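# Residue-level structural notes
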Amino acid sequence: MKLESIAKAFRERAPEVEYWSLMLVDDRFEALSVRQNVLQPVNNWRNGGAMIAVHDRGGMGYGATSDLTPAGLAEAAARATEWAHRTAARSLVDPAILPRVAQEGRYSRHGERPWSGMSLSDKIALLQDANRTLKAGARIVDWSAHLVHLARERLLISSVGARLEQDFECIGGILSAAANDGSETQNRTHGEDLFRQGGLEQLEATGFPGEAERVAAEALQLLDAPDCPSGTMDLLAMPGQMVLQVHESIGHPLELDRILGDERNYAGTSFVTPEMIGTYRYGSPLLNVTFDPAREGELASYRFDDEGTPAAREYVIRGGILERTLGGAVSQARSGLPGVANSRASNWNRPPIDRMANLNLEPGDKSLAELIGSVERGVWMDTNRSWSIDDSRNKFQFGCEVGRLIEDGELKGIVKNPNYRGISATFWRSLDGVGDASTHEVRGLWTCGKGEPNQAIQVGHAAPACVFRGVDVFGSE
Amino acid sequence: MRETFEHLAGTLSGLTEPGEIFTCLLEGEDSDFVRLNRNRVRQAGHVRQLELSIDLVEGERHVEGSLNVSGNAERDREALAEMVELLRAQRAHVEPDPHLLLATEVRNSEDVRPNGLPDSAEALDEIARAAEGLDLVGIWSSGPLYRAFANSAGQRNWYESANFNFDWSCHLEGDKAVKANYAGFRWEPAALAEKMATVRHELEVMGRPPKSIEPGHYRVYLAPSALAEILSIVSWGGFGLKAHRTRQTSLLKMAVEGRRLNPAVTLVEDHAGGLAPPFTASGFLKPPRVTLIEGGSYRETLVSPRSGKEYGVPVNADGEFPQSLDMAAGEIPRQAVLERLGTGLYLNNLWYCNYSDRNECRITGMTRFAAFWVEDGDIRAPLNPMRFDESLYRMLGEHLIGLTAEREFLFDTGTYHQRSTDSLHLPGALIEDFAFTL
């Protein structure tokens, strides 16, 4: 699909309105999977279409289509214009206050070792090898290995001269083992939160398929492990849990469209209010969080968001104090609050809304040994398996695949079914130890759901291991 | 649209080589989406999308692909030819698939539901008038949906449905709000007015000073929309054959230990009564009903074509999760619910459920929207949000007091990637000793 020629054809027949923009998307997705040593159907997904936004006569509308012929685009533009006119009198946002991007630019990130540099047969052989390792005993009842790759190309043009090209590739490898004994099953996985931008070199960097042996061994160990103890104790959350903690109880509550009420019918609102910006103590002084769209290899890196706003690294929380929200240009114009360039659309068929992109908890100065040594009684937890939080993003309960006891500063045996619960507004103030760069990991989640109509989008999170004091920890019944 | 699909199937047929066969599924929609906040329009637009999924088969080797198509014959032929070439090239490198199961008997079908949709903009005008003075937030979705199957053997299955789904909530201060939904095939202004009147009435109660409760065990009533949140989580891996055979179902104790729910609980995948297409993505026709749980005991699992081949069981579903879940009604008249509840919590909605212990089918989640504190059969106050953490075996087992005699038909509001055709048909549930933790 040649986006440039499609854009040129559209520009020649562009609608006669006050402002228009055209986003063209061409995604090529490939998924390979071997389960129980059987290759599952290789799947290729070619996703392409156009989103046309129109501002005219005081209204805004959009038209999205998979018909990229000039006639198809013209029809979508007409739909967008019709919606702009029909809703102008009832529009929540006056399009006159919105910035219109006119600049040109390009972002391109591809791996050192391209996806196409390994044959399909070799990729399948890699997955088969991983399967043989994952089947580590009779009690492993299901096992699988997966590879996914996305090559994405986007072109945004506008009636005022914007021309922004962005193309990159993303990759991920997942390992999974289920162990069973009677009416108890325990799962261990690796890689579900380790998607990155880049090529095949990212697989090795994220432990694929080298972690297969550990994944299977830990699934078996969990079957025989005691249950996680219950009580108030310290929590040492590893990056495989920290990404979820950051995502749910910092990322979502700081999305400005939630604060402005757009999401109240679906994803929810936020305990954060506009008056808190600049003064609110979100966490202990050890808490430093950045929006960083330029982090090399992180999943949601880009140079421009999907409304064309140039993206730059910004502190969101510094020294525990809230400095800005996660709101794009539209939300910033509506509220007058500071934000970031995070207006993003999941695909060509959905309009941009405020989303997390790369949201990172910055490393501290403690080694993992020092973090463990600081805990008298607590639980080390890794790999999120359960997440639930209220619509204000306050009362949460999270669970992990695996835990380990910590007693008198020493890491002890494995425990199963570890969970903890808390309240965002107070939980981050119990942060008492932040791991250094040696514990800091760049991770990425493939789908985060939000929006009406619904949108599932990729987000990046980097985080170190962290210690929290006095947490409500519990196991099974 | 039908002509477009026939053209696509014909093009695919022309692109196949001797010894090759194909199956294809078209998923299409022409949708209006209007997003509202503060009873004003936040985003409004139209999405026209067509996606064709192809399975290109030679013997037991096959590769799958999907792509967006335009409806323009020349452009689509180029795109299909490129995709078929890719699938053919990849197929040379894949092993025979022992779990490939194709529909070999040609069984055509047609399911075209009448289109009684209103003009979206006019419906929105009526909504604005009905909600005057309210802080309304929500989404209007409407338009035709298409699903169609074809294969090399000439089988054709066509599904066409045009519906609307208006999902909204009206808000007071903070998290005090009431949620409602009006979905269907034919727009009736009187039905909207009735639902909005109920919202206004419940908002009056939500305006009272809220009540906070301590963690502990409470008697609760889960309205059908609240029970839907619970059953949607159980549907996530609970009923599929593969999940059962690999011991990963959340209903493992029912499968392995014979554990039972309350005898009042009967759950059926009601293919015939739901909104989803009557055929699978690979061309199998679905049976009218699959009984999942009957009288509290586990009966059948949902079987996709791949699992059917792997485990030697007849196909009875598309994916291995319910799309048209039907729960049998109970005996409690709806008008007697408050009286039977006595003192406890009346919960219209739950939110963000997830397993806290999958082996025990223990589920955590939040109360949300119109949750009320009830004393002596009277609604007294709105409830501040509470977290629950409770096992299905208790809430629909030994602690289930009863189900309502009346049920609600709930259209799924999901629009991830495309508008959902899922639905649920559920009663409300009266439960004692329901555990709240935070």
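Each residue is numbered by its place in its chain's sequence as written, counting from 1. In the order they appear in the text, chains get letters beginning with A and ligands get numbers beginning with 1. Reporting in this predicted model follows two pLDDT cut-offs: at least 70 for local features of residues, and 80 or more for side-chain atom pairs to be given and counted; totals over whole chains, interfaces and linings ignore these cut-offs and use all residues. To obtain the side-chain values, all non-hydrogen atoms of the structure were used and water was disregarded.

## Regarding the side chain of Q43(B)
Here a strand is any run of E in DSSP of at least two residues, a helix any run of H or I of at least four, and the numbering for each starts at the N terminus. Here Q43(B) is to be found in strand β2 (residues 40-58). Burial classes follow relative accessibility: with a 1.4 Å probe on protein chains only, a residue under 20% of its type's maximum area counts as buried, one over 50% as exposed, and anything between as partly exposed. On the accessibility criterion, Q43(B) (11% relative accessible area) is buried. Side-chain atoms alone can form a polar contact between residues adjacent in sequence; in general such a contact is a pair of N or O atoms within 3.5 Å, and within protein one must be able to donate a hydrogen while the other accepts it. Of the polar contacts made by the side chain of Q43(B), one reaches the backbone oxygen of P352(A); its length is 3.1 Å. It only takes one pair of heavy atoms within 4.5 Å for two residues to be counted as in contact. When near neighbours in sequence (up to four residues on either side) are disregarded, Q43(B) contacts Y62(A), P351(A), P352(A), I353(A), F33(B), V34(B) and R35(B).

## Some points on the sheet that holds strand β16 (residues 359-361) of chain A
Strand pairing in a sheet relies on backbone hydrogen bonds, with the paired strands running either antiparallel or parallel. Residue and element names in this part refer to chain A. Strands pair, by our definition, only if DSSP identifies at least two bridges between them. Here 4 strands make up an open sheet; going across it, the order is β13-β12-β11-β16 and the pairing antiparallel. Each end of this open sheet is capped by a strand with a single partner; those strands are β13 (321-322) and β16. Bridging between strand β11 (residues 289-291) and β16 involves 3 bridges; their strand directions are antiparallel. The residue bridging F291 from the neighbouring strand is L359, located in β16. Convention adopted: a line fitted to C-alpha atoms gives each axis, helices being fitted over their contacting stretch, and angles between N-to-C directions are expressed from 0 to 180 degrees. The strands that helix α6 (residues 239-254) touches are β11, β12 (314-318), β13 and β16; relative to β16, the one it contacts most, it runs at about 120°.

## Thoughts on helix α4 (residues 189-206) of chain B
Residue and element names in this part refer to chain B. Taking 1.5 Å of rise per residue, 18 residues should cover 26 Å, and α4 covers 25 Å from first to last C-alpha, within 8% of that figure. Looking at α4, one finds that the buried residues are L192, M196, V199, E202, L203, V205 and M206. The arc that holds the buried residues of α4, viewed along the axis, is 165°, so those residues lie on one side. Within α4, the exposed residues directed more than 90 degrees away from the buried face are A190, E194 and E204. A helix is expected to span 1.5 Å for every residue after the first. For this quantity, the arc is that covered by the directions from the helix axis to the C-beta atoms.

## Things to note about unusual backbone geometry
Between F208(A) and P209(A) the backbone carries a cis peptide bond, its omega angle lying at 0°. Structurally, P209(A) can be placed in the loop between α4 (201-205) and α5 (212-224). Between E452(A) and the following residue, P453(A), the backbone shows a cis peptide bond with an omega angle of 0°. Even without a glycine there, the phi angle at R393(A) is positive, about 65°. Position of R393(A) relative to the elements: it lies in the loop between β17 (377-389) and β18 (395-407). Within the chain, R247(B) stands out as a residue other than glycine whose phi angle is a positive 60°.

## Here we look at the environment of R313(A)
All names here are of chain A. Relative to the helices and strands, R313 resides in the loop between β11 and β12. Exposure remark for R313: the relative accessible area of 40% places this residue in the partly exposed category. A sequence separation of 28 residues divides R313 from P285, and the C-alpha atoms of the two residues are 20 Å apart. Those residues in contact with R313 that lie beyond four places of it in its chain are T290, F291, D292, P293 and E362. There is a polar contact of 3.3 Å between the side chain of R313 and the side chain of E362.

## Section: the interface of chain B and chain A
Size of an interface: often given as the accessible area lost when the parts come together. Across the boundary between the two partners, chain B contributes 98 residues, which contact 96 residues of chain A. Here the buried area means the combined drop in accessible surface, using a 1.4 Å probe, for two parts upon being joined, counting both sides. Of the roughly 8,000 Å² buried at the junction of chain B and chain A (both faces included), carbon and sulfur atoms supply 44%. Summed over the three residues of chain B that lose the most area to chain A, namely R35(B), R42(B) and Y416(B), the buried surface amounts to 9% of that side. Here, a salt bridge means any Lys or Arg side-chain nitrogen found within 4 Å of an Asp or Glu carboxyl oxygen. At the surface where chain B touches chain A, the tally comes to 9 salt bridges. D391(A) is the salt-bridge partner of R368(B), the closest N and O atoms lying 3.6 Å from each other. Scanning the region where chain B abuts chain A turns up 73 residue pairs in polar contact (both at pLDDT 80 or more). Among the elements that line the side of chain B that touches chain A, the one with the most residues is β2(B), at 12 residues.

## Brief notes about the packing of helix α3 (residues 120-130) of chain B against α4(B)
All names here are of chain B. Relative to each other, α3 and α4 sit at 30°, their axes nearing to 10 Å. In terms of orientation, α3 lies roughly parallel with respect to α4. With respect to the hand of their crossing, α3 and α4 are arranged in right-handed fashion. Residues E126, I127 and A130 of α3 touch α4, and the partners they reach there are P189, L192, M196 and R200. Here the contact of α3 with α4 is composed, by residue class, of 5 nonpolar, no polar and 2 charged. In this scheme, roughly parallel covers angles under 35 degrees and roughly antiparallel covers those over 145, while 65 to 115 is roughly perpendicular and the rest are oblique. Take the far helix as the reference: if the near one is turned anticlockwise from it by less than a right angle, the crossing is left-handed, and if turned clockwise, right-handed. Residues were grouped as follows: Ala, Val, Leu, Ile, Met, Phe, Trp, Tyr, Cys and Pro as nonpolar; Asp, Glu, Lys and Arg as charged; and all remaining residues, including Gly, as polar.

## Regarding the packing of helix α1 (residues 2-15) of chain B against helix α2 (residues 73-91) of chain B
Residue and element names in this part refer to chain B. For the pair α1 and α2, the least separation of the axes is 10 Å and the interaxial angle reads 45°. It follows from the interaxial angle that α1 and α2 lie oblique. Considering the relative orientation of α1 and α2, their crossing is right-handed. Contact with α1, carried on its side by H7, L8, T11, L12 and L15, involves A73, D76, R77, L80, A81, V84 and R88 of α2 and no other residues of that element. Broken down by class, the residue content of the contact of α1 with α2 amounts to 7 nonpolar, 2 polar and 3 charged.

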